[in-house]
Amino acid sequence: MKTIHCFLLALLFSATTAAQPVYETRDDDGPVFSDLPSEGSREMVLPPIDASSPLPAATVQPAAAAVAVPYQALSISEPESGGTVHSNTGQIPVRVSITPALRAAQGDVLVVSLDKTALPTTRSTLQFDVSAAEWQLAAVDSVEHQLQVSVIALSGKVLITSAPVRFYVHRASQLTPARRE
């Protein structure tokens, strides 16, 4: 559409200039064109406009393929950063927030890393549990742990990664007697 507008504007300009004389003068930078005669100018003879010649075909640009909006934000809201999780088995609840929504239909999945080890199970929901088996596979022998989530495309490309969340796991112990009140 823009090409047609430019062409019509050029056609209008050409038709207007064809109806009036055009004068050319030369200076140090080259030719100067004007519709008013000046000292040393010469009138140019322009060929007539052939209005019967067909217009050049407008170049139609193919519509750009729908480009997926990249993910803008990914964060872990549970467990809380600096928070404590009570679990004897290692099963811990995880809640993730993402903007825009996870494109699971296109094959995007969540990959969870626990203590810098990627868990084998991918997720396509924003609320899930790290299983006891996954905990045994990846968790380091410490009270403090780190959780991080990435969105991975079907191609295997990492699209976005959350900031790591550090949290503490409290396990009941027989070494510490229960309080009785």
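All of the points below concern the structure found in this document. As the structure is a prediction and not an experimental result, all values here were calculated from the model.

Quick look at the overall build of the protein chain now. Check the secondary structure of the protein chain and you find 2 helices and 12 strands. Along its sequence from the N terminus, the protein chain presents helices and strands in the succession α-β-β-β-β-β-β-β-β-β-α-β-β-β. Out of the 181 residues in the protein chain, the part that is buried amounts to 25%. By sequence separation, contacts in the protein chain at least 24 residues apart represent 58% of the contacts at least 6 residues apart. Accessible area of the protein chain: about 13000 Å², with a carbon and sulfur share of 57%.

What follows deals with the sheet that holds strand β4 (residues 73-78). Spatially, β4-β6-β9 is the arrangement adopted by the 3 strands of the open sheet, whose pairing is antiparallel. The open sheet terminates on both sides in strands that have one partner only, identified here as β4 and β9 (127-130). In this sheet, adjacent strand axes meet at a mean angle of 35° when their direction is disregarded. As defined by bridge partners, β4 adjoins strand β6 (residues 92-99) across 5 bridges and the pair is classed as antiparallel. By the bridge assignment for β6, Ile76 is matched with Val96.

Judged by pairing direction, the sheet is antiparallel, and its 3 strands sit side by side in the order β2-β1-β3 without closing on themselves. Since the sheet does not close on itself, it has two edges, and those belong to β2 (30-34) and β3 (42-44), each with one partner. Across this sheet, the average inter-strand angle for adjacent strands is 40°, counted without regard to direction. In the sheet, strand β1 (residues 22-27) pairs with β3 via 3 bridges, with the strands oriented antiparallel.

Let us now look at the environment of Asn88. Mapped onto the elements, Asn88 comes out in the loop between β5 (84-86) and β6. Here the alpha-carbon distance between Asn88 and Val169, two residues 81 residues apart in the chain, equals 8.7 Å. In contact with Asn88, other than residues within four places in its own chain, are Arg171 and Ala172.

On to the nonpolar core, then. What tends to happen in soluble globular proteins is that the nonpolar side chains get buried as a cluster. In this structure, Leu74, Leu114, Leu147, Val149, Val151 and Phe167 are the most contacted members of the largest nonpolar core, which totals 24 residues. Where this core is concerned, the elements lending two or more residues are β4, β6, β7 (109-114), β9, α2 (132-138), β10 (144-152) and β12 (165-170). Per-element tally for this core: the top contributor is β6, with 4 residues. Excluding its chain neighbours within four sequence positions, the residues that come into contact with Val151 are Tyr71, Leu74, Ile98, Leu102, Asp108, Val109, Leu110, Lys157, Val158, Leu159 and Ile160.

About the cut-offs
- Residues numbered from 1 in each chain as written.
- Predicted model: local features only at pLDDT ≥ 70, side-chain atom pairs only at ≥ 80, totals over all residues.
- Heavy atoms only, no water.
- Helix = DSSP H or I, 4+ residues; strand = E, 2+ residues; numbered from the N terminus.
- Buried < 20%, exposed > 50% of the residue type's maximum accessible area, 1.4 Å probe, protein only.
- Contact = heavy atoms within 4.5 Å.
- Areas by Shrake-Rupley, 256 points an atom, 1.4 Å probe, with all protein chains shown as cover.
- Pairing = 2+ DSSP bridges.
- Axes fitted to C-alpha atoms, helices over the stretch in contact; angles between N-to-C directions.
- Core = buried A, V, L, I, M, F, W, Y, C linked by side-chain atoms within 4.5 Å.

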